[in-house]
Every structure is written in C-alpha cells, then in structure tokens.
Amino acid sequence: MRKQRMISAAALAIAVVLSSAGCVANANSNANSGGGEADQTLTIAYSEGGNTLDPAEANDGTSDTLVVASYDQLVTYGTKEVDGKRVSDTATIAPMLATEWEVDATDTVYTFTLRDDVTFQSGKKLTADDVVRSFEHIKSSASASFLYEMAGISTVEAAGDDSVVFTLTGPNHLFLQILPMYSFSILDMDLVEKNGGAEWLATHTAGTGPYVIESWDPASAAKLTRNEEYWGDEPALGTVNLKFITDASNRLQLLKKGSVDAALEIAPKDLQGLDGDGIVVDSRPSNKVLFFAMNNEIAPFDDPKVREAISYAIPYDKLIDDVMKGQASPMRSSVASSTPGYTDEGNSAEHDLDKAKKLLTEAGYPDGFTFEFTLGSGFSDWNDDAVLIQAELAKIGVTMNITNMARAQFLEALAGKQVQSYISRWTSFVNDPGYHLGLLLTSEGTSNYMNYSNSRVDELWKQAATESDADVRNEMYGEMQQIINEETPWAYLYEYNIAVAHGEGLEGYTSYPDGLIRFFQLSKSE
C-alpha cells in the first residue's frame, strides 16, 4: 500500500505559523513584500561578477545569486527565527513550484503536483514537461550532475501536465534536502532549445523567478528588475543593482559614502568598529569551514601520526583572534558545529608544541622534515594563516615551503590530487553531514583532493544514505566523524562567520547555508 506525505510535518508547522502571522502560505512568502513600494532600489557591492547564468553550471557566489533571483525550484527550505534573526531551516522542505508531494511505501517514488498559476518570464505556462527536460539538462551538466547522482535520481517522468514522478535508485534522505538547491532550477526548455541550448543559457535566463536580469556584465555590473508577473508575493525591491568591485577597500569606501546599500566580503579587520554611524554589520555563524589539508598518499602525510603532530602545532587562537578578528569560531570536527549529528569525539588537538614534537619523534621524524604547501590566491586570511602556521611548524623543526598560486591554477592543481598540502574552505549548501562528508571525505568523493580513504567511513556513508531514521543516521555520521577526527586528514582551522555590512534600514535579510542573499526577501525602510 502506498503511503502519502503531502508535506512534511515540519513544513505544515511552518505553514501554520505563517498563516497565523497573516502571511500567505506559499514558500516565497515575503514579510516585506511589495505593498506599493514599487520604486525601492537596492545597490550592493560584490567582489566578482560571476561566470555563468546556467543554474546547472553556476559555481560561484555571484552566479549563484543571479540564478536564485531569476529561477525557482520545485521545493525550497523553510525559515525560522533564531535570536531575533531570520535564518533558513533546511530540515524543513516547503512548497515552491510544487504544491505538494507524495512518496510511496518503498521511499523511492516521489510524485510532485505543480502549481497551476506559474508562467515563465517568457510568458509560457509551466508544465511537467519543462520539469522533466530541466532534469535532463541537470543530469548532462558538468557541474550539477554529481548532485543529481547524489540525490539518487533514476528517472524523472511527467504524469500529465501538472504532475512529475521521480524514481530513485533506492531510499535516499538527501533527495528532498538537495532538491531546493539552485542547481535544480526549472527552465523554460522550449526557450532554451529554440536558442541553441546550454551555450545560450550561460548568458541568458529562462526561469520563473522573482527577478528579471536586465543586464549583466561580469566585469562591472548587473541590473535586475522585479518580475511583474511573478506567481509569488510581489518583491518589495523594484530594482537591484549589483556592482562588481574586486578591491575590498573600495567596496568598503562605497558603503561608507552611501554609494551602495550593502557590501560583501569585507576583511575582518575592516569590520572592527564599522558597526554604527549608519552602518550595520550583520555577522552570523555559518557552516563554512576552513581546514589545513594533508595529502594522505604523499609522505610524510601518509602517516596519521605525522598529521596529528601538525594538528598540535596549529596556533588556533591566533588564527581566530589575530587573523579573523573574532569573525570565526573554533572548528572541532570535519563538519561544522551547526550540522545535524555533529560530534567532536576523537579530536583532542590543541596548540601544544611539546605534544607535536613527541608525535613527530614517535613517527620517526625527531628532527622534523620539509614539505610543500600550496596557497591559492583570493582570500587574505588564508595568506595570514599560512604565515602563522609556517612559523609554528618551524619551532618543531618542520619547514613549510609556501608556493603561491592563482586561484584558477590552484583549483586545477587540486583536481589532480597531487598537491601535498593546502588550505581550503568549504560551504555545505545542504546542511546535512551526508552531503558534506560524501563529497569531501569518502573515497569516491569528488572533492576529496587529499586522498583520504577509510573503508569503514565509506561503508557508514552508504548505510546512512538509505537510513530513514534520523537518529540512527546521525549515529552513523557520528562514528564517521570520530574516525576522521582520529585519523586527521585535515587540521581543523575555524568556522567562518558570514558578515554582511549594510546601511541602516535594510530589512528582511535571511541567512542560508549557501551564503546567498535572496533579494525578494529584502526591503528598505525610509
């Protein structure tokens, strides 16, 4: 017998809350929506202009933001209030282009019912066929195809004009968690194919989202205007201007002069004392982490004891206090502390050079050793961290040779899995340990650039993917973390805060694990 879950219990609870608050009960409800504020304009400074508008290929903050503004997905994440601030609730999956969904008794067949009032920005009505063809595009993409596989999608089929059936390769709790990601945006595939396909989509949009991208020059600026035919609540902001300014100090100066309403990626040292005089610094903990990776297949880091010794030589407090100026917190496990199932069991590392020296002696390196460290460009804190770590390692006889590398070259080098050591950061767009650990720390993980491999970790990850009981699943993820903590493929550096500096009067900002700003949620008070 088939069982039905029209909407998760948590989603229903959210809907009740929204209803009682007087908001409409759809996923794009916006407490600051329209209401005659048609002329509101937001100008915001980003560090770079993005690379593509194709949702399935977008892989940088600006490209992702433009996609989120101009596209919708079948479902989305809920939101909630924490300490007076609006944050995403990724454990709650809420309707978006789909009004409801059912899952069969095997937990492998999901049937989604589509809204009947959605048109693309082209004017064409949304149909099930567009959903099916959108997922074909995702499956064949270079970037999002791995998410398609991770979600365990086997087939996607239309069942009439307003219903779509997903069949999974097996029960997979990540399916509904991954589905709200911007990568799974629904496209007007007639428009895409009429204009030649993916190449056209890289510089044009074909979505149903709340904003139309009027212009986009990755070297300088983008302009977005409200989609006046949007199916959801009318966004309060009629126009959003994005300015792409590489130099962080220039972004800061524009904010101070009032030339922009908000600025992103301001250096931690510059955030100090900025709050006040018309500027608000909204700094919140996130699941973005920074780690010092050691290639487990290249000596001497193929010895867990050596890796553990390095972890005891890291000056953790200096990194957070002197480099991040408090805009970060300690990282104690392979997943961020806000991740469900988090545990720091197995991790005893603290800054202790005597302990580090003792471990090196036990590993056969009483006089230390020399190794190569590759530093990717683009993030000032990485450079400062590397210099501090280098100095500490020198105190135990370890020489760390730093090679600077342009970011594109750095990413290419990591993909070859032959970099001996490096610093990298990671943001889990899906706040679930299965997503994070599967990509980074399983043997087949596509982002496991340090060649970490443990058969028990791999086995637990596969078991957890099909486990429907969250408590049991988190026990498995906990055991994975403990093994990883003990084997130390990384030295854990810190968990970032996400800080947005903006002028007073900007309202509605909601933080998400992906760190992206949803413009439709924002408004400006006079």
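A quick note: this is a predicted structure, and the numbers were derived from the prediction, not measured.

Calculation notes
Residues numbered from 1 in each chain as written. Predicted model: local features only at pLDDT ≥ 70, side-chain atom pairs only at ≥ 80, totals over all residues. Heavy atoms only, no water. Helix = DSSP H or I, 4+ residues; strand = E, 2+ residues; numbered from the N terminus. Rg over C-alpha atoms; globule rule 2.2 N^0.38 Å. Buried < 20%, exposed > 50% of the residue type's maximum accessible area, 1.4 Å probe, protein only. Contact = heavy atoms within 4.5 Å. Areas by Shrake-Rupley, 256 points an atom, 1.4 Å probe, with all protein chains shown as cover. Lys, Arg positive; Asp, Glu negative; His and termini not counted. Charge placed at Lys NZ, Arg CZ, Asp CG, Glu CD. Pairing = 2+ DSSP bridges. Phe/Tyr/Trp six-rings, centres within 6.5 Å; stacked < 30°, edge-to-face > 60°. Lys NZ or Arg CZ within 6 Å of the ring centre and 35° of its normal. UniProt positions renumbered as here; feature names shortened; annotations may be inferred.

It is worth spelling out the overall build of the chain at this point. Of the regular secondary structure elements, the chain holds 17 helices and 19 strands. Taken over the C-alpha trace, the chain has a radius of gyration of 24 Å; the compact-globule value for 526 residues is 24 Å, and the two agree within 12%. The principal-axis extents of the C-alpha atoms in the chain amount to approximately 70 × 60 × 45 Å. Within the chain, the fraction of its 526 residues that count as buried is 56%. Once local pairs closer than 6 in sequence are excluded, the contacts in the chain between residues at least 24 apart make up 71%. Element-wise, carbon and sulfur atoms account for 47% of the exposed surface of the chain, whose accessible area totals about 21200 Å². Averaging the locations of the 38 positively and 77 negatively charged side chains of the chain gives two centres separated by 3 Å.

Once that is clear, we can look at the pairing of strand β3 (residues 85-95). Counting buried positions along β3 gives 8 out of 11 residues, so the element sits mostly inside the fold. Pairing geometry for strand β2 (residues 75-82) and β3, over 8 bridges, is antiparallel. From the neighbouring strand, Glu 81 faces β3, where its bridge partner is Arg 86.

Here we come to the packing of aromatic side chains. With the rule as written, the count across this model stands at 20 aromatic pairs. The interplanar angle of 10° and the centroid separation of 3.7 Å between the aromatic rings of Phe 291 and Trp 490 together place this pair among those described as stacked. Here Phe 291, found in strand β12 (residues 279-294), pairs with Trp 490, found in strand β17 (residues 490-503); they are 199 residues apart in sequence, far enough to count as distant. Trp 490 shares its class with Phe 291; the two are buried. Following the ring pairs from residue to residue traces out a cluster consisting of Trp 101, Tyr 110, Phe 112, Phe 135, Phe 166, Phe 175 and Phe 184. Across from the ring centre of Tyr 496, 5.8 Å away, lies the NZ or CZ of Arg 425, which sits over that ring.

Moving on, we come to the UniProt feature "domain: Solute-binding protein family" (unreviewed entry) in the chain. On the UniProt side, "domain: Solute-binding protein family" (unreviewed entry) is annotated at positions that read residues 93-447 here. The span residues 93-447 is 30% helix and 26% strand, and its two end C-alpha atoms sit 26 Å from each other.

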